[in-house]
Amino acid sequence: MSWPSVLIQFLNGLAGASSLFLVAAGLSLIFGVTRIVNFAHGSLYMLGMYLAVWLAQRIGFWPAVPIAAAIVCAFGALVEVAVLRRIYKAPELLQLLATFALLLLIKDFALWAWGPEDLLGPRAPGFRGAVEIAGAAFPEYDLLLIVLGPAVLAFLYFILRKTRYGILIRAATEDREMAAALGVDQRRLFTGVFALGALLAGLGGALQIPREPASLGVDLTVISDAFVVVVVGGLGSIPGAFVAALLIAQAKAFCIGLGYSKATLVVEFVVMAVVLVARPWGLLGQAQVAARNPGLRQASFEIPRKKFFIGAAMLLAVLALIPLASSEYTMVLLTDVMVFALFAASLHFILGPAGLYSFGHAAYFGLGAYAAGIFLLQAKLPMELALALAPLAAGLGALLFGWFCVRLSGVYSAMLTLAFAQIAWSAAFQWDSLTGGSNGLVGIWPAPWLASKTAYYLLTLALCTAGIAFLWKTIHSPFGYALRAGRDSPLRAEAVGIDVRAMQWAAFTIAGLAAGVAGALYAFSKGSISPDAMGIQRSVDGLVMVMLGGIQTLSGPLWGAALFTWLQDAAARNIDYWRAATGAVILALVLVLPNGIGSLFQSRK
Amino acid sequence: MRFLFLIALLVSSNAFSQNIKLGELNSYKVFPAFLEPYKKGMELAIEEINGSGGVLGKKLELITRDDGGNPGDAVRVAEELISREQVNVLMGTFASNVGLAVSNLAAQRKVLFIASEPLTDKIVWENGNRYTFRLRPSTYMQTAMLIPEAVKLKKKRWAIVYPNYEYGQSATASFKKLLKAAQPDVEFVAEQAPPLGKIDAGAAVQALADAKPDAIFSSLFAADLQKFVREGNTRGLFKNTPVFNLIAGEPEYLDTLKDETPDGWWVTGYPWSAINTPEHRKFRDAYQKRWKDYPRQGSVVGYVSVYTAANALRKAGSTDTEKLVEAMKGLEMGTPFGPIVWRPLDHQSTMGAYVGQFAKKDGQGVMVNWRFADGANFLPPFEEVKLLRKE
């Protein structure tokens, strides 16, 4: 790279950083105060884009930007009042489920309202052209963005430091309970912060339209970038988000400038992994004050009683007899249900008893699946052996990644799991000779004696039942009690001689191993495997299943997996707007059964 | 109880029907811009065929499913079509990985699969199988269609930009191979491979400009293409540098560019308003009458896919899969783009595409100077294909 092009790429990085910062700032604010992991933040951004394009055609670009942002802001306030306010007392992460449902609804709404084609917005009047910098043409609008990012930072800084409202926000960010005890009206504060965050997302989206078309895929692209920026910067830290946006945008620009464009697939996640390993609270973040009195105490898992065993045995008997009385497709669908039940149970194992969040559990599912394919196709092992060995690869992966992840806590740990999952995903995506690249591996079929749908279903039923039974048994073993002690009171657990980290590390590995079993079974049931089996979407699906079923019950995640798999299958078959339908059902369940459908099956106390 | 109820729901099977069933699956929610017109094309074909008496004395019934855009769900959906709906023919899919997974399943379950859209070369070559046939001109074929114009320019330094997954990777590999063969002194001076849908257009444009190429080959499409075009226009990348872009002339992608459409780019695509052959005029009129909208590339693909199934059924005189496979081999039929043959050798149809140049007309992008490139002329020699296809 010559010096002029270094300068231009640096400016490109600055413009990119401003775009990133605008969307991340809102997310960071919302998380800082309300602790909501807002999955729909990218959707608010997308909404801002579509509204701005639509309005710009009617009233021109400049008036369209603030109006679009204001509409998104109002929508955000509405969402907070109508949905989120009702579930602050529910188990943490439930808000994640609610916002995931919103994401599905907004996506289909945009498709319905604005149609399937991408909408390229107008150029910004007054900033249409380019100026010459160091012999290259540089867009005027990018220069404007370079100024706008820091301007918004300064504005937010002023609000947070100099106004009473800002002081309340900071107080709530640092210590929610204390702020409440001092008489700060939390409801109004939360609504205000959520609306402000939505405003920033809408503004970010609207300002992006001269650079990027409004399209239906934007929400997911933006949300993962924004999360990375927020976490790298330190949760709730606005200056941190700015520094992180700068770091990541520059890293991307220079990867491209230096000819390593393929690295942009994963560079932000590598940056995040490095930052989190070196600085567990992000660049400018601080250790969070532990919530003194969590909204709801984690219930201890019931010790199964006779009734439970009778129920489980009956259910198993029914499941084992199903092949006698049903069609082939039922086997296929139930095989998926079993596989995801084990996957959800393995995620629940670390989410529930161990209290470790994981946003990247699909990594171990995918490692198991890929290992099965590679052992079968590349190493030419017999299918049975490939199936038996594949989970070990997932377990090894979890052993390695887990060592880092248990050193962090809360959302930081969750985001580190996500970073590792994305790194594993990009390895699968790029390593053509081993993994088949973006196409993946095809021709992973079971051995002849397992080829019939019935035989494979029974095998899946047996292995998944064994896996789930093992996980549940472990939860009620001394090891499981030690895990819960570490979750509920790390200090006291340490004091009685429990090595909390080692316990968590072991739990992480066991969960990875179980997810690997699910992944390997999945690969053989599909005949092929491609990178999306370990993508973010699969991790999110896992979280949705666990939260839908209820994190506080043992059987909840299984019901969640069954319901979610069946819902997707049935909705996609019968309804055009099946994503919206799925979202609506999830949202309704969140509001009606905040403790999950598993709570229906618990004995009343 | 709840669970038993759920199972009862699952088990309840559909009423027995007398129709011939075409089971179609596609990523309707992931690529709606292409697939909504595609669905309209299919429905038009079904209406036409049933309106003129159906096939083998029966009506055709189209059953469409969303495949969720990933191979895992797609395989489950295909299983549902095969075993519950008992479809006679499987068709559809968009992305390469989904197409390959369903193709593999079709071979396993011995069902005819007409892969309408996936462009990957592997589906008919390296991973080709007895039961899979592919309609559209592949990545290789469409790249080869652009080669004659690229060679004519006699440009030495080429830069390449492509979405980093199967389609972009194999377009790039084919382009390099074919151009090098025709013009041995060519140099490839820069390569940009942004993730699909996530191009950092400003930085990519600057990196390409840094390499000072004489010409650019791109396989970007959809949002990536729009970002690249706008940044390239603003930064003057295309001022003196000719660009070749695969599939950018398809209305799905071209129409979104509007007044940004860069003059003079060579593209493959579908100039729907300007093709006035009798067979295309008939299709276009019928489509516009039925849907009050103009046809896109997807419309043609959907329309021809259904006709392919109908023609194969007629030729086989039966719904038996093995007979259908034999009927598909060498099947000759008319399409809005003219006659095609389904090659017995690799199960690829010889459907072609239009090669032309971008221009602006009334603030909209159009294709000019176009010609039809017959797919049959842009396939590698017999021996080469035979080597690739390990059947």
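Just so it is clear, the model here is predicted, and its values are computed rather than measured. (Residues numbered from 1 in each chain as written. Chains lettered and ligands numbered in written order. Predicted model: local features only at pLDDT ≥ 70, side-chain atom pairs only at ≥ 80, totals over all residues.)

Undergrad: I keep staring at the overall build of chain A and nothing clicks. Help me out?
TA: Each helix and strand counted, chain A has 24 helices and 4 strands in total. By principal-axis analysis of the C-alpha atoms, chain A measures approximately 70 × 60 × 50 Å. Within chain A, buried positions represent 59% of all 605 residues. Taking contacts inside chain A between residues at least 6 apart in sequence as the whole, the part at least 24 apart equals 80%. (Helix = DSSP H or I, 4+ residues; strand = E, 2+ residues; numbered from the N terminus. Buried ≥ 20, exposed ≤ 12 C-beta atoms within 10 Å, placed from the backbone. Contact = placed C-beta atoms within 7 Å.)

Undergrad: Even after reading the chapter, I still don't get the interface of chain A and chain B, so can you show me in this structure?
TA: Often the size quoted for an interface is simply the accessible area lost on bringing the parts together. Taken residue by residue, the interface counts 63 residues in chain A and 60 residues in chain B. Across the side of chain A that touches chain B, the residue classes tally to 28 nonpolar, 22 polar and 13 charged. (Nonpolar A, V, L, I, M, F, W, Y, C, P; charged D, E, K, R; others polar.)

Undergrad: I'm lost on the confidence of the model for chain A in this one. Help?
TA: Detailed reading of the predicted model is not advised wherever pLDDT is low. All names here are of chain A. Summing up the model confidence of chain A, the mean pLDDT is 88 and the portion of residues at 70 or higher is 97%. Within chain A, no element has a lower average pLDDT than helix H7 (residues 176-181), which sits at 81, and none a higher one than helix H2 (residues 41-59), at 95. Ignoring residues within four places in sequence, the model shows residues 292-296, a span with pLDDT below 50, making 6 contacts including any to other chains. (pLDDT = per-residue confidence, 0-100.)

Undergrad: Please explain unusual backbone geometry as it appears in this structure.
TA: Of all residues except glycine, most have a negative phi; of all peptide bonds, most are trans. Residue and element names in this part refer to chain B. For Gln86, which is not glycine, the phi torsion reads 50 degrees and is therefore positive. Following the sequence through the fold, Gln86 ends up in the loop between helix H3 (71-84) and strand E3 (89-92). The phi torsion at Lys292 lies on the positive side, around 55 degrees, for a residue other than glycine. Relative to the helices and strands, Lys292 resides in the loop between helix H10 (278-291) and helix H11 (297-316). We classify Lys292 as exposed; it has 7 C-beta atoms within 10 Å.

Undergrad: Help me understand the sheet that holds strand E9 (residues 243-249) of chain B, please; the structure alone is not making it clear to me.
TA: Adjacent strands of a sheet form backbone hydrogen bonds with each other and so pair up, either parallel or antiparallel. All names here are of chain B. A sheet is described by the order of its strands in space; here 7 strands give the open sequence E7-E6-E8-E9-E10-E13-E14, paired in mixed fashion. Taken across any chain shown, the strands that pair with only one partner, and hence form the sheet edges, are strand E7 (187-192) and strand E14 (364-373). Within the sheet, the average angular offset between the axes of one strand and its neighbour, ignoring direction, is 30 degrees. Across the sheet, helix H7 (residues 201-210) lies against strand E6 (157-161), E7 and strand E8 (215-218), angled at about 165 degrees from E7, the strand it touches most. (Pairing = 2+ DSSP bridges. Axes fitted to C-alpha atoms, helices over the stretch in contact; angles between N-to-C directions.)

Undergrad: Can you walk me through helix H21 (residues 500-526) of chain A in this structure?
TA: Think of an α-helix as 3.6 residues a turn; residues three or four steps apart then line up on the same face. An ideal rise of 1.5 Å per residue puts 39 Å on 27 residues; H21 of chain A measures up with 39 Å between its terminal C-alpha atoms. Two residues or fewer past H21 of chain A, Gly527 of chain A is found with a positive phi of approximately 80 degrees. (Expected span 1.5 Å × (residues − 1).)

Undergrad: I would appreciate a short explanation of the domain arrangement of chain A in the present structure.
TA: Residue and element names in this part refer to chain A. When cut into domains, chain A gives domain 1 (26-217 + 233-238) and domain 2 (326-549). Counting residues at the interface gives 7 residues for domain 1, matched by 6 residues for domain 2. Grouping the amino acids of the side of domain 1 that touches domain 2 by side-chain chemistry returns 7 nonpolar, no polar and no charged. (Domains from an automatic or database assignment.)

Undergrad: Even after reading the chapter, I still don't get the sheet that holds E3 of chain B, so can you show me in this structure?
TA: Residue and element names in this part refer to chain B. Strand order in this open sheet of 5 strands is E2-E1-E3-E4-E5, and the pairing throughout is parallel. Here the strands that pair on one side only, and so sit at the sheet edges, are strand E2 (60-66) and strand E5 (132-134). Each strand of the sheet is rotated relative to its neighbour by a mean of 25 degrees, with strand direction disregarded. Where strand E1 (residues 20-26) meets E2, 7 bridges bridge the pair, whose relative direction is parallel. Bridge pairing in E2 links Gly23 to Ile63.

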